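What follows is the residue order along each chain.
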Amino acid sequence: MIRVTNSVHADFYRGRKVLVTGHTGFKGAWLVEWLLELGADVVGYALAPSTDPSLFAALRQADKIQHVVGDVRDASMFRQAVKEANPDVIFHLAAQPLVRQSYREPLETFAVNLMGTANLLDALRGWDRPCVVVVVTTDKCYENIETDAGYVETDRLGGRDPYSCSKAMAELAVDAFRQSYFSQTDHASPSPVRIATARAGNVIGGGDWAPDRIIPDCVRAVQADQPIRLRYPQSTRPWQHVLDPLDGYLSLARQLAEAKAGEVEDLATAFNFGPCRGSNRSVADVVGALQQQWPELQRVFDTPPEGWHEAGQLFLATDRAQQRLGWAGRWDFETTIRKTAEWYRGFADGREPGTLTREQITQYAAGTQESPSTST
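The following paragraphs examine the structure supplied in this document. Quantities reported herein were computed from a predicted structural model and do not represent experimental measurements.

This next bit is on the overall build of the protein chain. Of the regular secondary structure elements, the protein chain holds 13 helices and 13 strands. Computed over its C-alpha atoms, the radius of gyration of the protein chain comes to 20 Å, within 12% of the 21 Å expected for a compact globule of 376 residues. Counting only C-alpha atoms and orienting by the principal axes, one finds that the protein chain spans roughly 65 × 45 × 40 Å. Relative to its 376 residues, the protein chain shows a buried fraction of 56%. At a minimum sequence separation of 6, the contacts of the protein chain that also span at least 24 residues come to 80%. Accessible surface for the protein chain amounts to roughly 15,700 Å². Of this, 47% is attributable to carbon and sulfur atoms. Counting 39 positive and 47 negative side-chain charges, the protein chain places the centres of these two groups 1 Å from one another.

Dropping the structure here:
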């Protein structure tokens, strides 16, 4: 069992039935491993991993949880899976998560990200027992006007690319279902289902092998002994280690479940989970920091973009999460890069990926930055 200085996660999740959609993805696999360490009874619903290797396979999670292979676009199968899981908590991470793929496959992107979310919400209509749902969207759901100010949860939603737009639409769908079917203001009969959304993105960490992401691209460049090529080196994003937003999701679900009547509305809403402003860095900064940790990464070349629009800068304001949840990210930019490099280098050196992953969860939860073998 994981030992944490802040043990409230373990106290809440131990023995609870938790459904994680999209558990075969990068963030999903990290979340499942953390939930297992906390003692949760995990059910996963997702397509088979889309990459080889995959963190899900490397962690052998199919042997540790109830692993259901299914498509969120299949409303009937999805409904049955939710019913059979009978969860106390749902983390909805299933998505088509790539901007460039959304340009190539817009209908698939809208079907997965919008209708997949709607299918989950519809499956919960008429639910007669307490259930907390955290729907994970993205920092890109805002109408990005390239401002230096951080977006707050009440800012206008939108998106120029299919991915961003589909996630903004998912946010609107959640709000519509929440007001129509999961009201907390009907004091005579408040819904037992409590739903919030979580907006985070540009997470990095060990075990991501997705295409068109900067860290996996760097890892592949090292493996192929090739230079890394960047499409948008000056684009600025709110980079954070994957464990930071996952801690936010765990905190949000727990506090939403424990909220008393009259307090739910403050939590059944949208939350940004982003790093401190100092972690907003350019793509070129990320690669440069990674090169310091991984000298095998060769020099960088700029590659002409394909003509598809990508935002130049994006910042999030996290005041709501700090004030209502008491949440703030723990690992700064330098620590995030170091921990990411440590994971991939350990994996390349033949270390067991489950050990690498669980060590970093332990470090994060305990508020430390050193590996267990070297800390005092």
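Let us keep going from here.
Time to look at the pairing of strand 1 (residues 17-21). Burial analysis of strand 1 places five of its five residues in the buried class, the great majority of the element. Burial of strand 1 is two-sided: the residues Lys17, Leu19 and Thr21 facing one way and the residues Val18 and Val20 facing the other way are all buried. Both strand 1 and strand 2 (residues 41-46) contribute to a ladder of five bridges, which runs parallel. Its bridge partner lying in strand 2, Leu19 is registered against Val43. Handedness of the crossover is the feature at issue here: the chain leaves strand 1, passes through helix 2 (residues 26-37), returns alongside strand 2, and the resulting connection is right-handed. As defined by bridge partners, strand 1 adjoins strand 4 (residues 89-92) across four bridges and the pair is classed as parallel. Looking across to strand 4, one finds that Leu19 is bridged to Ile90.

Before going further, it helps to examine the pairing of strand 6 (residues 193-199). The buried fraction of strand 6 amounts to seven of the seven residues, a majority that puts the element mostly inside the structure. The side-chain alternation of strand 6 yields two buried faces, one formed by Val193, Ile195, Thr197 and Arg199 and the other by Arg194, Ala196 and Ala198. Pairing geometry for strand 5 (residues 131-136) and strand 6, over six bridges, is parallel. Across the sheet, the residue bridging to Val132 is Arg194, located in strand 6. Bridge count between strand 6 and strand 11 (residues 270-272): three bridges; the pairing is parallel. By the bridge assignment, Thr197 is partnered in strand 11 with Ala270.

What counts and how
- Residues numbered from 1 in each chain as written.
- Predicted model: local features only at pLDDT ≥ 70, side-chain atom pairs only at ≥ 80, totals over all residues.
- Heavy atoms only, no water.
- Helix = DSSP H or I, 4+ residues; strand = E, 2+ residues; numbered from the N terminus.
- Rg over C-alpha atoms; globule rule 2.2 N^0.38 Å.
- Buried < 20%, exposed > 50% of the residue type's maximum accessible area, 1.4 Å probe, protein only.
- Contact = heavy atoms within 4.5 Å.
- Areas by Shrake-Rupley, 256 points an atom, 1.4 Å probe, with all protein chains shown as cover.
- Lys, Arg positive; Asp, Glu negative; His and termini not counted.
- Charge placed at Lys NZ, Arg CZ, Asp CG, Glu CD.
- Pairing = 2+ DSSP bridges.
- Right-handed = clockwise from strand over helix to strand, strands pointing away.

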